[in-house]
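Take a look at the letters that make up each chain.
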Amino acid sequence: MISPILIIEDEDILREILKDYFLNAGYSVLEAKDGEAALKVFQENELSLIILDIMLPKLDGWTICRRIRKTSNIPIIMLTARTDEDDTLLGFELGADDYVTKPYNPLVLLARAKRLLHQREQKNDVVGDYLESGGIKIHIPSRTVQVNNEESSLTHTEYEMLLYLMENKGIVITRDQLITKVWGYEHIGDDRTINSHMRNLRNKLGDHSTCIKTIVRTGYKFEDIR
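Residues numbered from 1 in each chain as written. Predicted model: local features only at pLDDT ≥ 70, side-chain atom pairs only at ≥ 80, totals over all residues. Heavy atoms only, no water.

Thoughts on the overall build of the protein
Check the secondary structure of the protein and you find eight helices and twelve strands. Principal axes of the C-alpha set define a box for the protein whose edges measure 55 × 35 × 30 Å. For the protein, the residues scored as buried account for 51% of the 226 residues in total. At a minimum sequence separation of 6, the contacts of the protein that also span at least 24 residues come to 59%. (Helix = DSSP H or I, 4+ residues; strand = E, 2+ residues; numbered from the N terminus. Buried < 20%, exposed > 50% of the residue type's maximum accessible area, 1.4 Å probe, protein only. Contact = heavy atoms within 4.5 Å.)

Remarks on the nonpolar core
Grouped together as the largest cluster of nonpolar side chains are 27 residues, with contacts concentrated most on Ile138, Leu162, Leu178 and Ile212. Sorting the residues of this core by element identifies strand 7 (136-139), strand 8 (144-147), helix 6 (156-167), helix 7 (175-183), helix 8 (191-205) and strand 12 (219-222) as the ones contributing at least two each. Looking at which element gives the most residues to this core, the answer is helix 6, with seven residues. If sequence neighbours within four positions are ignored, Ile138 has contacts with Asp129, Tyr130, Leu131, Thr144, Val145, Tyr159, Leu162, Leu163 and Met166. Counting residues in hydrophobic clusters, the runner-up holds 24 residues, among them Ala32, Leu56, Trp62 and Phe92. (Core = buried A, V, L, I, M, F, W, Y, C linked by side-chain atoms within 4.5 Å.)

Some thoughts on the packing of aromatic side chains
Taken as a whole, this structure holds two aromatic pairs when the rule is applied. Over the face of the ring belonging to Tyr130 we find Lys137, whose NZ or CZ atom lies 4.4 Å from the ring centre. (Phe/Tyr/Trp six-rings, centres within 6.5 Å; stacked < 30°, edge-to-face > 60°. Lys NZ or Arg CZ within 6 Å of the ring centre and 35° of its normal.)

Quick notes on the pairing of strand 2 (residues 29-32)
The pairing of strand 1 (residues 5-8) with strand 2 spans four bridges and is parallel. Residue pairing in the sheet places Ile7 in a bridge with Glu31 of strand 2. The handedness of the strand 1 to strand 2 crossover, carried by helix 1 (residues 12-24), is right-handed. (Pairing = 2+ DSSP bridges. Right-handed = clockwise from strand over helix to strand, strands pointing away.)

Notes on the pattern of salt bridges
Throughout the structure, instances matching the rule amount to 17 salt bridges. The residue Asp12 makes a salt bridge to Arg15 at a minimum N-O spacing of 3.0 Å. Of the two residues, Asp12 and Arg15 both sit in helix 1, three residues apart, roughly one turn of that helix. With relative accessibility at 40%, the residue Asp12 sits in the partly exposed group. Note that Asp34 and Lys58 form a salt bridge whose closest N and O atoms lie 3.9 Å from each other. Placement of the pair is Asp34 in the loop between strand 2 and helix 2 (35-44) and Lys58 in the loop between strand 3 (49-53) and helix 3 (61-68), with a sequence separation of 24 residues. (Salt bridge = Lys/Arg side-chain N within 4 Å of Asp/Glu carboxyl O.)

Below you can see the structure in the form of structure tokens.
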């Protein structure tokens, strides 16, 4: 059985609406209406996904995301009433996997949550439990990544990007292909959005980040380090 989803939203009506949609879809739900309560629920429960509003009492969503990412790669969808693209990029830089601007259609949010959960559960078509290349090793069942035999903590999105590129080693993956595979819908923002996730991924791969080649005006390609 899938672990509960945590909805962190200080507006009671919005939180209850989201809760009802997820319950009707068959998910179990935990709630928090301020930042401190949210971290307490996170620390005390095994969760499958977090829906996180930015503007919260006590601790804001930025702070919560930053603290969660110190110990967990659980999928996070951030919610905000602000439309500044820099806010969106900051969320991605802190490790959010998706970003939804208010007002939103709860069915769209539910669909995005289902996609993240499905990606996390699905079996990938790779022979054996491991995918290894260029000093980078992915253990498929546990979704863990090692770089030079040391574990690297990737977010859900960073993991999906790396896995897709490694599964297609030597093949140029366009930005559109990456968006469709990893995010599952046509448009998530401008090029800076993908750049932000790719920069975070490369930082975590360290010297092995050179395995991911940028193909100008096209996309990316994974190659062994030479």
